[in-house]
Amino acid sequence: METKKKIKFKINRLYHFFFKERFNKKINFSFPENINRWDLIKEIITFKKFKTYLELGCDDNNSFNKINIDFKIGVDPFSGGNFKGTSDFFFSQNKKTFDCIFIDGLHEYDQVCRDIQNSLDFLNVGGIILLHDTLPNTLHQQAVPRYKMIWNGDVWKAIVNFRTRLDCDIITCKIDQGVSLIQKNSNKKLLNLKIKDFKKLKFKDFYENHEEYMRILSYEGVLKYISDSSN
Ligand SMILES: C[S@@+](CC[C@H](N)C(=O)[O-])C[C@H]1O[C@@H](n2cnc3c(N)ncnc32)[C@H](O)[C@@H]1O
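Okay, so let's go over this structure. (Residues numbered from 1 in each chain as written. Predicted model: local features only at pLDDT ≥ 70, side-chain atom pairs only at ≥ 80, totals over all residues.)

1. A word on the packing of helix α2 (residues 37–48) against helix α8 (residues 219–230)
Thinking step 1. The N-to-C vectors of α2 and α8 enclose an angle of 25 degrees; their axes lie 11 Å apart at closest approach. Looking at the two axes, α2 sits roughly parallel to α8. Here α2 runs over α8; the crossing is right-handed. Counting all contacts with α2, which are made through L40, E43, I44, F47 and K48, the residues of α8 involved are Y219, V222, L223, I226 and S230.
Thinking step 2. Class assignment of the residues belonging to the contact of α2 with α8 gives a composition of seven nonpolar, one polar and two charged. (Axes fitted to C-alpha atoms, helices over the stretch in contact; angles between N-to-C directions. Helix = DSSP H or I, 4+ residues; strand = E, 2+ residues; numbered from the N terminus. Parallel < 35°, antiparallel > 145°, perpendicular 65-115°, else oblique. Left-handed = near helix turned anticlockwise from the far one by under 90°. Contact = placed C-beta atoms within 7 Å. Nonpolar A, V, L, I, M, F, W, Y, C, P; charged D, E, K, R; others polar.)

Here's what the structure looks like:
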């Protein structure tokens, strides 16, 4: 890691320790080693016969290159995909709608909420939105501002927020650091929380309530849910 980044991470860590949260307990999600985010995306695309795919945040195209579909757009301001720019810029000029949208860009609460809302606005009827990195094991892995290389960010807080809405049905698949799925359907398991600012949730809240907050299912459970909700 370059020196500038190392110093920034150290400062962020101290900031977190003194002003945000101290919490040492860890969750051990024990994700299966042989199932990746793209396996789930590909399975869903095949099962639902989807034709169009949008990925926000592509990096080395580890997922993007594996998606075989009639039409795909990959958005990233720095690397990968086929549209150079931020997700906000992409949506500001976009006129297309998509069957499947994979949100994996900037993993910070406000950005993720905007990415979800924009994706809902550009999702075809019957479409599915997926989000990566929704199940952090530790406080460090979810801390914003970031101070770890392996980082989920606080994407989970955006999921908690949207789980309280009546017009989205959301589940989370226990694979590959957590992949949450959003369908524009009536909420089958409304999360009844009286929280004003979801951004202020702590990792301690996640540690104690993650099963209820995230509606976690196994890979097989998610495939069954998709099949059942398509009938
Ligand atoms: C975790 S990586 C994506 C990994 C990829 N989706 C995969 O499955 O392998 C996150 C990417 O998001 C990109 N990114 C950062 N800010 C963004 C933004 N505002 N809009 C879109 N992408 C962004 C970064 O450049 C980085 O390449």
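Additional details are given in the paragraphs that follow.
2. Some details on the site of the ligand
Thinking step 1. Near the ligand, the surroundings consist of 19 residues, among which G57, D59, N62, S63 and G105 are the closest.
Thinking step 2. Those elements giving two or more residues to the shell around the ligand turn out to be β1 (52–56) and β2 (71–76).
Thinking step 3. In the shell around the ligand, the residues fall into six nonpolar, eight polar and five charged. (Near = placed C-beta within 6 Å.)

3. A look at the environment of D110
Thinking step 1. Note on placement: D110 falls in helix α4 (residues 109–121).
Thinking step 2. Each C-alpha atom of the pair D110 and F198 lies 10.0 Å from the other, and the pair is 88 residues apart in sequence.

4. Some remarks on α4
Thinking step 1. Look at α4: 18 Å from first C-alpha to last across 13 residues, which is about the 18 Å you get at 1.5 Å a residue.
Thinking step 2. Looking at α4, one finds that the buried residues are Y109, Q111, V112, D115, I116 and S119. The buried residues of α4 occupy an angular sector of 160 degrees when projected down its axis, which confines them to one face. Exposed and facing more than 90 degrees away from the buried side of α4 are Q117 and D121.
Thinking step 3. Looking at the buried positions of α4, the neighbouring elements they touch are β1, α3 (87–93), β4 (98–103), β5 (123–132), α6 (155–163) and β7 (179–183). (Expected span 1.5 Å × (residues − 1). Buried ≥ 20, exposed ≤ 12 C-beta atoms within 10 Å, placed from the backbone. Arc of directions from axis to C-beta.)

5. Re the sheet that holds β5
Thinking step 1. A sheet is described by the order of its strands in space; here eight strands give the open sequence β3-β2-β1-β4-β5-β7-β6-β8, paired in mixed fashion. Either end of the sheet is taken by a strand with one partner, and the two such strands are β3 (83–84) and β8 (216–217).
Thinking step 2. On the sheet, α4 packs against β1, β4, β5 and β7 and is oriented at approximately 175 degrees with respect to β4.
Thinking step 3. Strands in contact with α8 are β6 (169–173), β7 and β8; relative to β6, the strand with the most contacts, it is inclined by about 155 degrees. (Pairing = 2+ DSSP bridges.)

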